[in-house]
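Spelled out from the first residue to the last, the chains are:
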Amino acid sequence: METIAPPATSVRVFVDPTCPFAWITYRWLLEASSLRPVEVGVELMSLSVVNDGRELDPWYRDYNDRAWRPARVAAAILESYGGATWLRFYDTFGRRRHVEGLRNDDANLVRTLDEIGLPGTIAAAADDPSWDGDLRTRTAAALEPLATDGGTPVLHVAGTAFFGPVLTAVPRGEEAGRLWDALATLAGSDAFAEVKRGRDEELRTA
């Protein structure tokens, strides 16, 4: 008898290009999708929009102010070149920033655009606040189903939206699959609202 594979579950992960937690969750979902019937879509949101107007520690305010730049470039890429090119941008920019440790975002933008074959002129979007309205719209779409404050990453799965999961390392192999199973179980429970625990501050992004 032929075995019929179960239908894939669609999950959308909303990321800010500079957020290491979003990167780790994205890489986990890719790992999980190789083991479970999961289709991963990657959407842009902005951590700068999330934290706009909030009282932040000086170092985090500086981080958020600088995060506008890559997000604006990402918005320009989505507008002109579409989702497949945005994903190539995110993969390439994210690998350099989060895995290889290139924290100079302007240098990373130049190298990334060159590597994925886009004109360097797109980097000018980093200084163009006219993209901020687009980022606010995308971020509102990510956060609206939460009905509460959130950050990055945000997941939309099975009609449920989550802030997180916030991970400090990328689960591999069956560990990634089991974590997906647990999340899918929580997503299917109308009674589930929130779970949180302390975390290791040392991130492993590779």
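Up top is the structure these notes are about.
Everything numeric in this text was worked out from a predicted model, so none of it was measured.

(A) Structural view of the overall build of the chain. Regarding its fold elements, the chain presents seven helices and four strands. Reading the chain from its N terminus to its C terminus gives the helix and strand order β-α-β-α-α-α-α-α-β-β-α. Computed over the C-alpha atoms, the radius of gyration of the chain is 17 Å, within 12% of the 17 Å expected from 2.2 N^0.38 for a compact globule of 206 residues. In terms of its C-alpha atoms, the chain occupies a principal-axis envelope of roughly 55 × 40 × 30 Å.

(B) Representation of the packing of aromatic side chains. Tallying each qualifying case throughout the model produces nine aromatic pairs. In this structure an aromatic cluster arises from ring pairing among Trp23, Tyr26, Trp86, Phe89, Tyr90 and Phe93.

(C) Representation of the packing of helix H3 (residues 58–81) against helix H6 (residues 132–143). It is the contact of H3 with H6, at a shortest axis distance of 9 Å, that shows an interaxial angle of 85 degrees. If you check the angle between H3 and H6, you find them roughly perpendicular. Between H3, through Trp68, Ala71, Arg72, Ala75 and Leu78, and H6, the contact on the second element is made entirely by Asp132, Asp134, Leu135, Arg136 and Arg138.

(D) Seen up close, the pattern of salt bridges. Counted under the stated rule, the structure contains 16 salt bridges. A salt bridge links Asp181 to Arg36; the nearest nitrogen and oxygen atoms lie 2.9 Å apart. Here the residue Asp181 occupies a position in helix H7 (residues 173–187), and Arg36 occupies one in the loop between helix H1 (20–33) and strand S2 (38–44), the gap between them amounting to 145 residues. Classification of Asp181 by relative accessible area gives partly exposed; the value is 32%. The shortest N-O distance in the salt bridge between Glu100 and Arg95 comes to 2.9 Å. The class of Glu100 is exposed, set by a relative accessible area of 51%. A relative accessible area of 28% means that Arg95 is categorised as partly exposed. Several salt bridges share partner residues, and in doing so they unite Arg95, Arg96, Glu100 and Glu115 into one network.

(E) Fine view of the nonpolar core. Formed by 56 residues in total, the largest nonpolar core has its most connected members in Trp28, Trp86, Phe89 and Trp180. Sort the elements by how many residues they give to this core and H3 lands first, with nine residues. Among all residues touching Phe89, those that are not within four sequence positions of it are Pro70, Val73, Ala74, Ile77, Gly94, Leu109, Thr112 and Ile116.

(F) Looking closely at the side chain of Arg36. With a relative accessible area of 17%, Arg36 lands in the buried category. Separated by 2.9 Å, the side chains of Arg36 and Asp181 make a polar contact. In this view, Arg36 contacts Glu174, Gly177, Arg178, Trp180 and Asp181; residues no more than four positions away in its chain are not counted.

(G) Seen up close, the sheet that holds strand S4 (residues 160–163). Taken in spatial order, the four strands make up an open sheet running S2-S1-S3-S4, and their pairing is mixed. Each edge of the open sheet is held by one strand with a lone partner, namely S2 and S4. Strand-to-strand twist of the sheet, defined as the mean angle between neighbouring strand axes without regard to direction, takes the value 20 degrees. Across four bridges, the pairing between strand S1 (residues 9–15) and strand S3 (residues 154–157) is antiparallel. Each bridged residue has a counterpart across the sheet, and for Val11 the counterpart in S3 is Val157. The strands touched by H6 are S1, S2 and S3; relative to S3, the strand with the most contacts, the crossing angle is about 55 degrees.

The rules behind these values
- Residues numbered from 1 in each chain as written.
- Predicted model: local features only at pLDDT ≥ 70, side-chain atom pairs only at ≥ 80, totals over all residues.
- Heavy atoms only, no water.
- Helix = DSSP H or I, 4+ residues; strand = E, 2+ residues; numbered from the N terminus.
- Rg over C-alpha atoms; globule rule 2.2 N^0.38 Å.
- Phe/Tyr/Trp six-rings, centres within 6.5 Å; stacked < 30°, edge-to-face > 60°.
- Axes fitted to C-alpha atoms, helices over the stretch in contact; angles between N-to-C directions.
- Parallel < 35°, antiparallel > 145°, perpendicular 65-115°, else oblique.
- Contact = heavy atoms within 4.5 Å.
- Salt bridge = Lys/Arg side-chain N within 4 Å of Asp/Glu carboxyl O.
- Buried < 20%, exposed > 50% of the residue type's maximum accessible area, 1.4 Å probe, protein only.
- Core = buried A, V, L, I, M, F, W, Y, C linked by side-chain atoms within 4.5 Å.
- Polar contact = N/O pair within 3.5 Å; in protein donor to acceptor, adjacent residues only side chain to side chain.
- Pairing = 2+ DSSP bridges.

Without other data, these values stay purely geometric and don't point to any function.
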